[in-house]
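# A structural walkthrough
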Amino acid sequence: KLSINNQLLKEEYSIQYLGVILDSHLNWKAHVAHVSKKIKRNIGLLSKIRYYVSSKTLVSLYYALIYPFLTYSLIAWGNTYETNIKPLLILQKRAIRIITFSSFFEHTSPLFKSLKIINFSDLVQFVTSVFMFKYHKQLLPSIFSNYFTSISNVHNYNTRLASKSSYALTNPRTNYGVFSIKFQGPKTWNFIDESLKSCSLRAFKKKLKIQILDNY
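Residues numbered from 1 in each chain as written. Predicted model: local features only at pLDDT ≥ 70, side-chain atom pairs only at ≥ 80, totals over all residues. Heavy atoms only, no water.

### Comments concerning a nonpolar patch on the surface
A contiguous nonpolar patch, built from Ile-15, Tyr-17, Leu-18, Leu-22, Leu-26, Tyr-72 and Tyr-176 and spanning about 740 Å² of accessible area, is present on the exposed surface. Within the secondary structure layout, Ile-15 lies in strand β3 (residues 14-17). (Patch = residues over 30% accessible without salt bridge, like charges linked within 9 Å, V, L, I, M, F, W, Y side chains within 5 Å. Areas by Shrake-Rupley, 256 points an atom, 1.4 Å probe, with all protein chains shown as cover. Salt bridge = Lys/Arg side-chain N within 4 Å of Asp/Glu carboxyl O. Helix = DSSP H or I, 4+ residues; strand = E, 2+ residues; numbered from the N terminus.)

Here it is, written out as structure tokens:
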């Protein structure tokens, strides 16, 4: 137990900082629960209004009422155990079924593809890829300068990855390290098609989204 001036400090297992809930185990379950609560409420709104608006309007409402909660600071908390973020994927699927008036048992991959919406699991990859693209093009704040190391700066000899726009992977010793952007960023980036890396940011997002949706 800790105390200051003989005043016992209360132990907290989670705190909210800049809209993100940090828990003592950094498994992001508290934040996922927080986001899930907000999304559930907005899914209820979608369910009620869907009978009175067009499909296009419902998709717009999805991007206004649900998407921002899924993507806010996703770089920080999205790369974790799949079981930890599964509740959000389930809620997203529920929203997609509501928008398309589909049954509870309807397979959602074709629905995501028809609406041109990326499912949450792939959304983590998408957001990470965009972050890495911005880093590669020096579009991020200066605090991220030299945050990643180009493979060409690691090897003095030519390798398949060194000849491409790839970054060296760190050697994490814990799961926290594996899930960090320091490791997941280069890992994701190195698998992206080289032809996409020379695009503009707008074209990169568009083409990467098409690639992801084509796999549904």
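That covers the picture; the talk isn't over yet.
### Things to note about a positive patch on the surface
On the surface, a cluster of positive charge is contributed by Lys-116, Arg-202, Lys-206 and Lys-207. Inspection of the secondary structure puts Lys-207 in helix α10 (residues 201-214). You can call Lys-207 partly exposed: its relative accessible area is 41%. (Lys, Arg positive; Asp, Glu negative; His and termini not counted. Charge placed at Lys NZ, Arg CZ, Asp CG, Glu CD. Buried < 20%, exposed > 50% of the residue type's maximum accessible area, 1.4 Å probe, protein only.)

### Here's the deal with the nonpolar core
Ranked by internal contacts, the top residues of the largest apolar core, which has 49 residues, are Phe-120 and Phe-204. Those elements giving two or more residues to this core turn out to be α1 (29-49), α2 (55-65), α4 (74-77), α5 (82-99), α6 (109-115), α7 (120-136), α9 (181-189) and α10. Among the elements that make up this core, the one with the highest residue count is α7 (10 residues). Leaving out residues up to four positions away in the same chain, Phe-204 has contacts with Ser-129, Val-130, Phe-133, Trp-189, Ile-192, Leu-196 and Cys-199. (Core = buried A, V, L, I, M, F, W, Y, C linked by side-chain atoms within 4.5 Å. Contact = heavy atoms within 4.5 Å.)

### Side note on the pairing of β3
Where β3 lies against strand β4 (residues 20-23), 4 bridges are found, and the strand directions are antiparallel. Among the inter-strand pairings, Gln-16 is bridged to a residue of β4, identified as Ile-21. Counting the residues between successive antiparallel strands, the hairpin from β3 to β4 contains 2 residues, one of them, Leu-18, with a positive phi of roughly 55 degrees. (Pairing = 2+ DSSP bridges.)

### Observations regarding the pattern of salt bridges
By the definition in use, this model includes 1 salt bridge. One salt bridge connects Glu-194 with Lys-197, and the closest N-O pair in it is separated by 2.8 Å. Relative accessible area serves as the criterion here: at 27%, Glu-194 is assigned to the partly exposed category.

Don't take any of this as a statement about function, it's just geometry.
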